[in-house]
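# Structure assessment
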Amino acid sequence: VLPKANERQTWTVELSKELVTTVQVAFAGKNASAGGAKLFYFAIENMSECAQAPQNLKYEELNSSGVILSWDVCTASTFKGYNLKVSTKELEDPNLFVGDIVNVTSDQLTDEFYDLTGQLQPNTTYHVYVQNECIDNDISAWTMGTFTTPCEAISIPYYDNFEGELNECYQI
């Protein structure tokens, strides 16, 4: 889609650093009325440190009712904070959908961890999404992960008549 006259349009394409060491770019265009297209500005730039996705997402002190999420700290001078979403459903697009457990914005989260102790259900799978946000409103891609809380410990003595469905946490 071409912009209207005197409008600026920007396209960003992220390339994996593992992909290649040489990148070739070509443009082709045709303006039917003038016989050709003009290219006014083109740049290939390294992504800012702040706009790189958080690394090493970890699940610490995982138990049946909670976890402490952590990731590597962003030390970029343009860093503003982290956006975090936690959901029991996999989010098709974290930019468009909210988590049903946690939705925290960069204005609320500047630490490289988030404590969910006592906020989760046993034997449940959770999906985590975290991204960096910069003071210039640039954002990183989402770092995604999944974890499952373990079953609760069963107190003894324990009695069950085993009528109905067998609890997923039982091991026989």
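Whatever comes next refers back to the structure up there.
Attention in this report is confined to the structure presented alongside it. (Residues numbered from 1 in each chain as written. Predicted model: local features only at pLDDT ≥ 70, side-chain atom pairs only at ≥ 80, totals over all residues. Heavy atoms only, no water.)

### Digging into the overall build of the protein chain
The helix and strand inventory of the protein chain stands at zero helices and seven strands. Excluding contacts between residues fewer than 6 apart, the proportion of contacts in the protein chain whose partners are at least 24 apart in sequence is 61%. Surface exposure of the protein chain reaches about 13,000 Å², of which carbon and sulfur atoms provide 49%. (Helix = DSSP H or I, 4+ residues; strand = E, 2+ residues; numbered from the N terminus. Contact = heavy atoms within 4.5 Å. Areas by Shrake-Rupley, 256 points an atom, 1.4 Å probe, with all protein chains shown as cover.)

### Overview of the pattern of salt bridges
Enumeration according to the criterion identifies two salt bridges in this entry. Residues glutamate 133 and lysine 80 are paired through a salt bridge, measuring 3.5 Å at the closest nitrogen-oxygen approach. Residue glutamate 133 is found in strand E6 (residues 125–134), and its partner lysine 80 is found in strand E3 (residues 79–87); the two are separated by 53 residues along the sequence. What makes lysine 80 partly exposed here is its relative accessible area of 28%. Salt bridges sharing partners connect three or more residues here, namely Lys80, Asp107 and Glu133. (Salt bridge = Lys/Arg side-chain N within 4 Å of Asp/Glu carboxyl O. Buried < 20%, exposed > 50% of the residue type's maximum accessible area, 1.4 Å probe, protein only.)

### Some remarks on the pairing of strand E7 (residues 143–148)
On E7, burial follows the alternation: Thr143, Gly145 and Phe147 on one face are buried, whereas Met144, Thr146 and Thr148 on the facing-out side are not. The sheet contact formed by E6 and E7 spans six bridges and is antiparallel. If you follow valine 130 over to E7, its bridge partner there is threonine 143. (Pairing = 2+ DSSP bridges.)

### With respect to the sheet that holds strand E2 (residues 66–70)
With respect to topology, three strands assemble into an open sheet ordered E1-E2-E5, the strand pairing being antiparallel. Two strands close off the open sheet at either side, each with one partner strand: strand E1 (58–63) and strand E5 (113–115). Neighbour to neighbour, the strand axes of the sheet diverge by 15° on average, direction disregarded. (Axes fitted to C-alpha atoms, helices over the stretch in contact; angles between N-to-C directions.)

Keep in mind that these numbers describe shape and distance, not what the molecule does.
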